[in-house]
2 protein chains.
Amino acid sequence: MEKITLKTLADLFQVSPKTVSKVLNHKPGVREELRKAILNKAEELHYVPNLFGRGLQGGSMKTIGVILSDNTSPNYSTVLKGIEASADKHGYNIILCNSNESKETEEQKIRLLTEKHVEGIILASVSYTTDVMKRKSLLGLKNLGIPYVLISRMIHDEEPHDIVKTNDIEGGYLATKYLMDRGHRDIIYLANKYSVTSSHERLVGFRKALEQQGLPFKQAHIIDQCESTMESGYKVMQAVLAECKDFTAVLAFNDLIAVGAMSAIQEKGYRIPEDIAVIGYDDIEYAKFTNPPLTTIRQDADRIGHLAMDVLLNKINNPDAEQQQIYLPPQFIERSSV
Amino acid sequence: MEKITLKTLADLFQVSPKTVSKVLNHKPGVREELRKAILNKAEELHYVPNLFGRGLQGGSMKTIGVILSDNTSPNYSTVLKGIEASADKHGYNIILCNSNESKETEEQKIRLLTEKHVEGIILASVSYTTDVMKRKSLLGLKNLGIPYVLISRMIHDEEPHDIVKTNDIEGGYLATKYLMDRGHRDIIYLANKYSVTSSHERLVGFRKALEQQGLPFKQAHIIDQCESTMESGYKVMQAVLAECKDFTAVLAFNDLIAVGAMSAIQEKGYRIPEDIAVIGYDDIEYAKFTNPPLTTIRQDADRIGHLAMDVLLNKINNPDAEQQQIYLPPQFIERSSV
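Residues numbered from 1 in each chain as written. Chains lettered and ligands numbered in written order. Predicted model: local features only at pLDDT ≥ 70, side-chain atom pairs only at ≥ 80, totals over all residues. Heavy atoms only, no water.

1. A short note on the overall build of chain A
Now for step 1: Counting its regular elements, chain A contains 12 helices and 12 strands.
Now for step 2: Burial status across chain A gives 55% buried among its 338 residues.
Now for step 3: Across chain A, contacts joining residues at least 24 apart in sequence account for 73% of those joining residues at least 6 apart.
Now for step 4: Accessible surface, chain A as shown: approximately 14,500 Å² in total, 49% of it carbon and sulfur. (Helix = DSSP H or I, 4+ residues; strand = E, 2+ residues; numbered from the N terminus. Buried < 20%, exposed > 50% of the residue type's maximum accessible area, 1.4 Å probe, protein only. Contact = heavy atoms within 4.5 Å. Areas by Shrake-Rupley, 256 points an atom, 1.4 Å probe, with all protein chains shown as cover.)

2. Looking at the packing of helix 8 (residues 168-181) of chain A against helix 9 (residues 197-212) of chain A
Residues and elements named next belong to chain A.
Now for step 1: Helix 9 packs onto helix 8 with a crossing angle of 40° between their chain directions and a minimal axis gap of 7 Å. By the angle class used here, helix 8 and helix 9 are oblique. The interaxial crossing formed by helix 8 with helix 9 has right-handed handedness. Contacts between helix 8 and helix 9 involve Asp168, Ile169, Gly172, Tyr173, Thr176, Lys177 and Met180 from the former and Ser198, Glu201, Arg202, Val204, Gly205, Phe206, Lys208, Ala209, Leu210 and Gln212 from the latter.
Now for step 2: A class-by-class count of the residues in the contact of helix 8 with helix 9 yields 7 nonpolar, 5 polar and 5 charged. (Axes fitted to C-alpha atoms, helices over the stretch in contact; angles between N-to-C directions. Parallel < 35°, antiparallel > 145°, perpendicular 65-115°, else oblique. Left-handed = near helix turned anticlockwise from the far one by under 90°. Nonpolar A, V, L, I, M, F, W, Y, C, P; charged D, E, K, R; others polar.)

3. Considering the packing of aromatic side chains
Ring pairs (aromatic) are described by centroid distance and by the angle formed between their planes.
Now for step 1: Following the criterion strictly, the structure yields 7 aromatic pairs over all chains and no others.
Now for step 2: Considering the side-chain rings of Tyr178 of chain A and Phe332 of chain A, the 4.4 Å spacing of their centres and the 50° angle between planes classify their relative orientation as tilted. Highlighted residues: Tyr178 of chain A in helix 8 and Phe332 of chain A in strand 12 (residues 331-333), separated in sequence by 154 residues.
Now for step 3: Their ring planes at 65° and their centres at 5.9 Å tell us that Tyr234 of chain A and Phe289 of chain B sit as a pair that is edge-to-face. With Tyr234 of chain A in helix 10 (residues 230-243) and Phe289 of chain B in the loop between strand 9 (277-279) and strand 10 (296-298), this residue pair bridges two chains.
Now for step 4: Residue class for Tyr234 of chain A comes out buried when judged on its relative accessible area of 15%.
Now for step 5: Classification of Phe289 of chain B as buried rests on a relative accessible area of 11%.
Now for step 6: Cation over ring: Lys245 of chain B sits above Phe247 of chain B, and NZ or CZ is 5.8 Å from the ring centre. (Phe/Tyr/Trp six-rings, centres within 6.5 Å; stacked < 30°, edge-to-face > 60°. Lys NZ or Arg CZ within 6 Å of the ring centre and 35° of its normal.)

4. Some thoughts on the side chain of Thr176 of chain B
Residue and element names in this part refer to chain B.
Now for step 1: Examined against the element boundaries, Thr176 turns out to sit in helix 8 (residues 168-181).
Now for step 2: Judged by relative accessible area, which is 0%, Thr176 ranks as buried.
Now for step 3: Within the local environment of Thr176, its side chain forms a polar contact with the backbone oxygen of Gly172, the two atoms lying 2.6 Å apart.
Now for step 4: What Thr176 contacts, discounting residues up to four positions off in sequence, is Ile187, Phe206, Ala209 and Leu251. (Polar contact = N/O pair within 3.5 Å; in protein donor to acceptor, adjacent residues only side chain to side chain.)

5. Some remarks on the nonpolar core
Now for step 1: Ranked by size, the top nonpolar core spans 104 residues in total, and within it Leu190 and Met237 of chain A together with Leu190 and Met237 of chain B carry the most contacts.
Now for step 2: With sequence-adjacent residues up to four places away left out, Met237 of chain B is seen in contact with Ile188, Leu190, Phe247, Val250, Ala261, Ala264 and Ile265 of chain B.
Now for step 3: Listed in part, the 53 residues of the second largest apolar core include Ala87 and Ala308 of chain A together with Val164 and Leu328 of chain B. (Core = buried A, V, L, I, M, F, W, Y, C linked by side-chain atoms within 4.5 Å.)

6. Here we look at the environment of Glu267 of chain A
Residue and element names in this part refer to chain A.
Now for step 1: Along the polypeptide, Glu267 turns up in helix 11 (residues 255-267).
Now for step 2: In sequence terms Glu267 and Gln238 are 29 residues apart; their C-alpha atoms lie 9.1 Å from each other.
Now for step 3: If near-sequence neighbours (up to four positions away) are discounted, Glu267 is found in contact with Tyr234 and Gln238.

7. Quick word on the sheet that holds strand 9 (residues 277-279) of chain A
All names here are of chain A.
Now for step 1: Taken together, the 4 strands give an open sheet; going across it, the order is 7-6-8-9, and neighbouring strands pair in parallel fashion. Edge positions in the sheet fall to strand 7 (222-226) and strand 9, since each has one partner strand and no second. Geometrically, the sheet is characterised by an average inter-axis angle of 20° between neighbouring strands, direction not taken into account.
Now for step 2: Here 3 bridges tie strand 6 (residues 187-192) to strand 7, and the two strands are oriented parallel to one another. Each residue of the ladder has a partner; that of Tyr189, found in strand 7, is Ile222.
Now for step 3: Where helix 9 meets the sheet, its contacts fall on strand 6, strand 7 and strand 8 (249-252), and the angle it forms with strand 6 comes to roughly 165°.
Now for step 4: Strands in contact with helix 11 are strand 6, strand 7, strand 8 and strand 9; relative to strand 9, the strand with the most contacts, it is inclined by about 165°. (Pairing = 2+ DSSP bridges.)

8. What to know about the sheet that holds strand 1 (residues 63-68) of chain B
Now for step 1: If you trace the 12 strands from one edge of the open sheet to the other, you get 11(A)-5(A)-4(A)-3(A)-1(A)-2(A)-2(B)-1(B)-3(B)-4(B)-5(B)-11(B), paired in mixed fashion. The outermost strands of the open sheet, each flanked by one partner alone, are strand 11 (325-328) of chain A together with strand 11 (325-328) of chain B. Geometrically, the sheet is characterised by an average inter-axis angle of 20° between neighbouring strands, direction not taken into account.
Now for step 2: Where helix 12 (residues 301-317) of chain B meets the sheet, its contacts fall on strand 1, strand 3 (121-123), strand 4 (148-151), strand 5 (163-166) and strand 11 of chain B, and the angle it forms with strand 4 of chain B comes to roughly 160°.

9. Remarks on the environment of Gly260 of chain B
Now for step 1: Position of Gly260 of chain B among the secondary structure elements: in helix 11 (residues 255-267).
Now for step 2: For Gly260 of chain B, a relative accessible area of 0% translates into the label buried.
Now for step 3: Spatially, the C-alpha atoms of Gly260 of chain B and Thr229 of chain B are 7.7 Å apart, while their sequence positions differ by 31 residues.
Now for step 4: If near-sequence neighbours (up to four positions away) are discounted, Gly260 of chain B is found in contact with Phe289 of chain A together with Met230, Gly233 and Tyr234 of chain B.

10. A few points about the pairing of strand 4 (residues 148-151) of chain A
Residue and element names in this part refer to chain A.
Now for step 1: Residues Tyr148 and Leu150 line one face of strand 4 and the alternating positions Val149 and Ile151 line the opposite face, and both faces are buried.
Now for step 2: Pairing of strand 3 (residues 121-123) with strand 4, which is carried by 3 bridges, proceeds in the parallel orientation. Its bridge partner lying in strand 4, Ile121 is registered against Tyr148.
Now for step 3: Where strand 4 meets strand 5 (residues 163-166), 2 bridges bridge the pair, whose relative direction is parallel.

Structure follows, in structure tokens:
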């Protein structure tokens, strides 16, 4: 079968390849009748534009890479959907990669994406760290000159990065302040076991709220053993309750952990919120349907995805664009678990 | 900055480009010391292999496309994670697209992916239909000669397609049979409002179970107004309960709808399962943590993702491979909502 090219179509209609190109790229300047005829013929002959050629000519493959820790996380899957919707609107495709919270995998994926000549990368990085390997990996990205934007998680580094995230210090503060306003003095924080900045920043907000009220901070109240799953929240809460119960409220790193914790609390015979109050983070769809419905801090995950794509496109189109750090305000959602 | 090529590296070490290629592609036959030196230098100079070149030479970009209706669905996000993990293991990347249950978007994405020269496509198609446009779009795929595999949803067509899915007739049957064994005679089915085969097949299983017991099938008991969200399950169930309550059990198209329905049922003052029993489908993570925990039919979503990638790779590597229709057995998960 002969390869159908722009020239094949141009010859058929006795027009210039440039005219055919205009039609296929939905640009104006070709009369309607001819436009339709060319489009129909292109479809009939299964014309496929040669994007590889574009790539070689220094043109654009219109593809970006997205690296998440886990695309099944309700929060990140919503960020991803926002990125995909915005990318689609701008004619871009996304290559999805999961790091599964492994630094090595994250580095490997960054390398792989650069090899595929993506135009940019959106990255929810595995950990904030002063680790040399990690810094090297990111400096590598910088040296390669590939635009990238961080989402939701910062990276500890000498230099600032472009980032779009929720103001998690404020989020942690809002949640803790609300618990204290309701009379709670002994609050435990079910933190993320991975040293991601989002978990650390919520802790900073937690401490800030305690300090404002002159309450002591107890290290024993920070339980940094949770993975971001219901199952993990359930098991960690079970273990905590088996040891002692010198607290009246729980702040969970996210809603998944909160849901698991609620289950362990109720199984032990405690009532929520009368005996133990629980507050989550993210406002995933399920938060509305827990029993009792979960009070939580809302992140606008869809907006984070759209904004990350905006910032990245700006960097792709203007290599000298100024860096942007966008911190979205968290939103307090009052339900019945506190 | 000069572009770093295989030849640059070969010249530096006074070896052939073939030797450098061996090292960079992790092939044997180069002594360890030289191997390490070349790898270090490649990293230092930020060498990036020219995959565009490979594409033009008729080689492989090692990229496939995945089209889902919505990547935030817990079931599909798990399928997607399985595909990504398997693709990664085989050195492939995935381009993710959402169709948002729009036939037009699905067609546009198929076209886009072929333009990007993906090697294959995994597709959870929007609808099963005899619609001409839809068939044309799929026949287009066939004519373009791009391997593709359907997941979870069939397509009504003259010819069979490669597909990996759960046996949904069996799943619908198992769920309904269990409800009847528990004494339920009046069961409503909260179906998917889109005409996807998965919803239709569960209905076939539902009817089969009724018929086996000689029970009449009531069209009024099929509520085909649900989208795949908790919110939709909640609203549809509210509307159903406002009209009448001539049923004692609910079979939901999936767990999301079941969770929303449970909330509407409890809000109305009915107890689950004493007054109304509820059974779901999928066994998403939440199912274990609802109150009461949700009895459901498990789909092995991760395995569907892995198998779909296996079937696709087989088609990519053996264009004459026989078609495969893989129907995974559903698994009954007994909890406390029936």
